[in-house]
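Inside the fold
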Amino acid sequence: MHLNFLALAVPFFLTFMGLEYLVAHKKGKRYFKFKDSVANISVGIAERLLDTFTVGIFYFLYEYLHRHYALFDIKPGVLLWVALLVCTDFIWYWYHRLAHEVTLFWCAHVVHHQSEEFNYTVSARITVFQAFIRTGFWAVLPVIGFPPAMITSMLLVHGLYPFFIHTRTIGKLGILEYILVTPSHHRVHHASNPKYLDKNYGDVFIIWDKLFGTFQKEEEEPVYGLTKPLESNSFLWQHFHFILEMWYSVRRTNGWRNKLRVVFGKPDYVDPAAREVLEETFLVRDRTITETPKLNNNVVWQMAATLTLLFVFLLLEHYVPVFVQVCVSLLILLTLMNCGAILEQKRWVFYLEYARYSVLCFALYYYWPHPSLLTLAALVLTTALYFQSRLKERYYRLVYGYTRT
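Read on for an overview of the structure. Just so it is clear, the model here is predicted, and its values are computed rather than measured.

Focus: the overall build of the protein
Counting its regular elements, the protein contains 17 helices and zero strands. Here the C-alpha radius of gyration of the protein, 23 Å, is about what a compact globule of 405 residues would show, namely 22 Å. Seen through its principal axes, the protein has C-alpha atoms that stretch 65 × 55 × 50 Å. A burial count over the protein gives 50% of its 405 residues as buried. Restricting to contacts in the protein with at least 6 residues of sequence separation, those with at least 24 account for 77%. Roughly 21,200 Å² of accessible area belongs to the protein as shown, and the carbon and sulfur atoms make up 68% of that amount.

Written as structure tokens, this is what we have:
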């Protein structure tokens, strides 16, 4: 069988998240919050899922650039692997720094910094938007002459290291603090303390920060998250809020030069009042909501089912038809939106069930294209619509533990 063993990354990372939770719990530290962890893992699921459709595009780009524009004919060798690691990390530093200093890039990267906790689940907060931007930077590597196979292999290794520096369970590491990016260095990077802002951009080696004046050692206790906390568990809002804030600011800015400065200048040029205005339009909050055991249990089961489906889907992706891949992807994304809406106890979450039901029916019809299936699906949907008011009441009781008003 032609299995995709990269799917093993899912249980691998989940195992370390679980171990970190147990270590923190044993130390009596509350490094995890339920809603925060769910939101973090949800972002990671979406990124890993969408990578299935984009990784081929990235490899094709590297291949094309290497074939037509490579400056040198580089062959794999020990010293050249080391050179590739150094080049990759150097490019990462500048990508990461510019992701903080350019509004358009910050739109993609801001998601990684929204968590107000700092643990291994935070490392999952990578979006597919970031993947596209990073690929633009890494496109320099095939032009230098590094073969696509080398680049892809190095990016897998280079992408593994940052996972282990997203933790508070590891203190300072002695002499390694002068060479590598350590958990201590990265805690500073994720902090919103004024003295820690825009520091420690490195991914593997800390030398770049020391070289370019962006290094800051960990001194006072970091406060994690954005300088203006997002205060939302909405899957969609987390991904798109800053894009909307940028667009809002562009529309309210006079002159093309000033508009371009908003997009390509520092994020400081984005109107600070934009968030509040947009939240009133797109993010109506219910300040009276309370967590219930049923709510949390429902989300846990949905996340467990989604992670299982993701693992099986990735493992067997070479055997899954494209149409079914799209259906599975939509089903997972709808479930992630569902979990985020449940955490905020939105009433419209009920209608997402119609969307999930429709996607499931399409997938089943692909494997069994029989008129009787369509008839049965239509009958079930008609019955659900007829008894919708009763179904909604039972649904809210099942999910929230009480009827939403």
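From this point, things continue past the structure.
Concerning unusual backbone geometry
Non-glycine residue Asp-198 carries a positive phi angle of around 55 degrees. Within the secondary structure layout, Asp-198 lies in the loop between helix 8 (183-189) and helix 9 (207-211). Classification of Asp-198 by relative accessible area gives partly exposed; the value is 42%. Within the chain, Asn-200 stands out as a residue other than glycine whose phi angle is a positive 55 degrees. Within the fold, Asn-200 resides in the loop between helix 8 and helix 9. Under the relative-accessibility criterion, Asn-200 is labelled buried at 1%.

Concerning the packing of helix 2 (residues 34-69) against helix 14 (residues 322-343)
Where helix 2 meets helix 14, the axes come as close as 10 Å, and the angle between the chain directions of the two elements is 165 degrees. When the axis of helix 2 is compared with that of helix 14, the two are roughly antiparallel. Viewed along their axes, helix 2 and helix 14 form a crossing whose handedness is left-handed. Contacts between helix 2 and helix 14 pair Phe-34, Lys-35, Val-38, Ser-42, Ile-45, Ala-46, Leu-49 and Phe-53 from the former with Gln-325, Ser-329, Ile-332, Leu-333, Leu-336 and Leu-343 from the latter. Tallied by class, residues from the contact of helix 2 with helix 14 come to 10 nonpolar, three polar and one charged.

Describing a nonpolar patch on the surface
A surface patch of nonpolar side chains, amounting to about 510 Å² of accessible area, comprises Leu-173, Ile-175, Leu-176, Tyr-178 and Ile-179. Secondary-structure assignment places Leu-176 in the loop between helix 7 (148-160) and helix 8.

Some points on the environment of Val-250
In this structure, Val-250 sits in helix 10 (residues 235-251). Classification of Val-250 by relative accessible area gives buried; the value is 11%. Sequence separation of Val-250 and Asn-193 is 57 residues, and the distance between their C-alpha atoms is 28 Å. Discounting chain neighbours no more than four positions away, the residues touching Val-250 are Lys-259, Val-262 and Val-263.

What counts as what
Residues numbered from 1 in each chain as written. Predicted model: local features only at pLDDT ≥ 70, side-chain atom pairs only at ≥ 80, totals over all residues. Heavy atoms only, no water. Helix = DSSP H or I, 4+ residues; strand = E, 2+ residues; numbered from the N terminus. Rg over C-alpha atoms; globule rule 2.2 N^0.38 Å. Buried < 20%, exposed > 50% of the residue type's maximum accessible area, 1.4 Å probe, protein only. Contact = heavy atoms within 4.5 Å. Areas by Shrake-Rupley, 256 points an atom, 1.4 Å probe, with all protein chains shown as cover. Axes fitted to C-alpha atoms, helices over the stretch in contact; angles between N-to-C directions. Parallel < 35°, antiparallel > 145°, perpendicular 65-115°, else oblique. Left-handed = near helix turned anticlockwise from the far one by under 90°. Nonpolar A, V, L, I, M, F, W, Y, C, P; charged D, E, K, R; others polar. Patch = residues over 30% accessible without salt bridge, like charges linked within 9 Å, V, L, I, M, F, W, Y side chains within 5 Å. Salt bridge = Lys/Arg side-chain N within 4 Å of Asp/Glu carboxyl O.

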